[in-house]
Structure formats: structure tokens, C-alpha cells
Amino acid sequence: MNGHFITFEGGEGAGKTTILHSLSQKLEKQGFDVIATREPGGIEISEQIRKVILDPQNTKMEERTEALLYAAARRQHLVEKVLPALEQGKIVLCDRFIDSSLAYQGYARGLGIDEVFAINQFAIKDCMPAITLFFDITPEKGLERIASNKDRERNRLDLENLVFHERVYEGYQKVIEKFPNRISTINADQSLENVELDAMARIDAYLKK
């Protein structure tokens with residue numbers, strides 16, 4: 001494939017979505033053909049699955065059901081949007097991908113990182129990101145940001161307690177240990193401008209290779 005698949009990861013309130021859209025515009029100004037997308041979602045079928053997963057009323061959803069729904073949304077998004085864009089030589093910036101499932105369902109939900117990875121290997125085959133940026137912020141600070149942002153959608157994961165989000169954070173540390181060559185950590189607890197500069201520097205360094 002000729003394109004570049006770059007994913008953005010982090011806990012709730014890390015600011016990755018804001019940074020992703022800003023960097024997408026910057027890369028376009030540099031002459032790159034860029035697609036900004038998200039998981040779960042990005043295309044109609046996956047957005048419908050997103051509504052089911054994140055609906056605050058779906059409190060009965062079992063852990064494996066949740067993991068399988070994420071994998072299903074991921075598969076459809078990949079074949080319908082990501083892979084065609086990569087084949088056309090585009091840069092795909094994706095807000096969350098497989099690492100979210102490993103941290104949230106694999107570790108925080110207790111299903112096992114390797115077990116959730118196996119489910120997702122069926123969904124994505126061998127399509128892994130070229131690089132992943134992990135936006136590092138403590139769960140407490142991330143949740144404080146969410147609480148102060150009145151415009152942000154409130155979803156089922158926001159109903160989880162601090163202990164769950166701390167486990168997600170621990171899960172991401174395990175995932176970073178598993179894929180140290182792919183995942184690059186960025187301090188998200190600094191000014192938006194500095195986070196953006198750090199993230200852009202990592203992407204520039206990768207593209208220059």
C-alpha cells in the first residue's frame with residue numbers, strides 16, 4: 001500500500017480529537033492528501049454500531065458483546081474507507097483503532113489483551129497502523145476536561161467510575177510495552193499548542209523516513 005495509516009490514542013479527555021483535526025488541516029496545507037476519520041464510526045454502518053455501543057441506556061451490554069461490536073465496526077470502516085484511501089496513497093488519520101480495544105476491553109474490562117487482539121486480527125487481518133500517537137494524561141485530569149466541556153457528547157463510557165478509567169490508563173501502558181516501536185507517547189498535559197507541535201514533529205519524522 002502507498003498510503004500512511006496513523007492512529008491517535010488516549011483516554012477520555014486527552015484532546016486527541018482536537019489535535020487530529022488540526023494536524024489534518026496542516027498536512028493538507030503541506031500538499032498531502034489526508035482523510036480524518038474515527039472509530040467506532042467513520043462510515044454509515046459503523047456509525048450505527050457506534051450509537052449502540054455508546055448509548056447511555058445500554059447499561060446491560062456484556063463485555064464480550066462490547067468487544068465484538070467494536071471489532072465489527074472496525075472491520076466495516078477498514079474495508080469501506082481506510083483501505084481504499086491507503087491504496088490511493090492518502091494519509092489516513094484515525095481517532096482510535098485496535099489499541100483502544102486492547103486497553104478498554106482487553107485490560108480494563110478484564111477480557112485479556114491477547115484475547116481481544118485475536119478477535120481483532122480476524123477483523124483487520126494484518127492491517128496495523130504505521131505509527132500511533134498516544135496522548136498521555138492522567139485519568140483525573142482527562143475527566144476534569146470532559147466535565148468542563150459542555151459541548152462534548154456524553155456517552156456510556158463517561159458513566160464509568162474513575163477506577164475504570166485508571167484501568168484503561170494502565171491498559172494503555174501494557175499496550176505500549178507490547179508495541180514499543182509503533183507507539184509514540186506525547187505529553188497531553190501541556191498547552192494545546194505544544195501538544196500539537198509535538199504530535200506534528202512525530203508525524204513529520206515518520207513521513208521523512
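Below: a short report on this structure.

Thresholds, definitions, all that
- Residues numbered from 1 in each chain as written.
- Predicted model: local features only at pLDDT ≥ 70, side-chain atom pairs only at ≥ 80, totals over all residues.
- Heavy atoms only, no water.
- Phe/Tyr/Trp six-rings, centres within 6.5 Å; stacked < 30°, edge-to-face > 60°.
- Helix = DSSP H or I, 4+ residues; strand = E, 2+ residues; numbered from the N terminus.
- Buried < 20%, exposed > 50% of the residue type's maximum accessible area, 1.4 Å probe, protein only.
- Lys NZ or Arg CZ within 6 Å of the ring centre and 35° of its normal.
- Expected span 1.5 Å × (residues − 1).
- Contact = heavy atoms within 4.5 Å.
- Polar contact = N/O pair within 3.5 Å; in protein donor to acceptor, adjacent residues only side chain to side chain.

**What about the packing of aromatic side chains?**
Part 1 of the reasoning: Going through the model one piece at a time under the given rule, you end up with six aromatic pairs.
Part 2 of the reasoning: The interplanar angle of 55° and the centroid separation of 6.2 Å between the aromatic rings of tyrosine 104 and phenylalanine 164 together place this pair among those described as tilted. Taken together, the residues tyrosine 104 in helix H4 (residues 98-108) and phenylalanine 164 in helix H7 (residues 162-178) connect sequence positions 60 residues apart. Judged on exposure class, the residue tyrosine 104 and its partner phenylalanine 164 are both buried.
Part 3 of the reasoning: For the pair phenylalanine 134 and tyrosine 172, a centre-to-centre distance of 4.9 Å together with 40° between the ring planes defines the contact as tilted. Highlighted residues: phenylalanine 134 in strand E4 (residues 131-136) and tyrosine 172 in helix H7, separated in sequence by 38 residues. Like tyrosine 172, phenylalanine 134 is buried.
Part 4 of the reasoning: Through a chain of ring-to-ring contacts, the aromatic side chains of Tyr104, Phe134, Phe164 and Tyr172 assemble into a single cluster.
Part 5 of the reasoning: It is arginine 74 that lies over the ring of phenylalanine 97; its NZ or CZ is 5.4 Å from the centre.

**Structural notes on unusual backbone geometry**
Part 1 of the reasoning: Following glutamate 39, the chain continues into proline 40 via a peptide bond in cis, with omega recorded as -15°.
Part 2 of the reasoning: Along the chain, the position of proline 40 falls in the loop between strand E2 (34-38) and helix H2 (44-54).
Part 3 of the reasoning: The phi dihedral of arginine 96 falls on the positive side, at around 80°, and the residue is not glycine.
Part 4 of the reasoning: Mapped onto the elements, arginine 96 comes out in the loop between strand E3 (91-95) and H4.

**Regarding helix H3 (residues 63-87)**
Part 1 of the reasoning: Taking 1.5 Å per residue as the helical rise, H3 with its 25 residues ought to reach 36 Å, and the 34 Å between its terminal C-alpha atoms agrees with that figure.
Part 2 of the reasoning: Listed as buried for H3 are Glu66, Ala67, Tyr70, Ala71, Ala73, Arg74, His77, Leu78, Val82, Leu83, Ala85 and Leu86.
Part 3 of the reasoning: For H3, the secondary structure elements touched by its buried residues are strand E1 (4-10), E2, H2, E3, H4 and helix H5 (113-124).
Part 4 of the reasoning: A side-chain oxygen of the first residue of H3 lies 2.8 Å from the backbone nitrogen of arginine 64; this N-cap is glutamate 62.
Part 5 of the reasoning: A positive phi of about 85° marks glycine 89, the residue just after H3.

Read these as layout, nothing more, since geometry by itself doesn't imply function.
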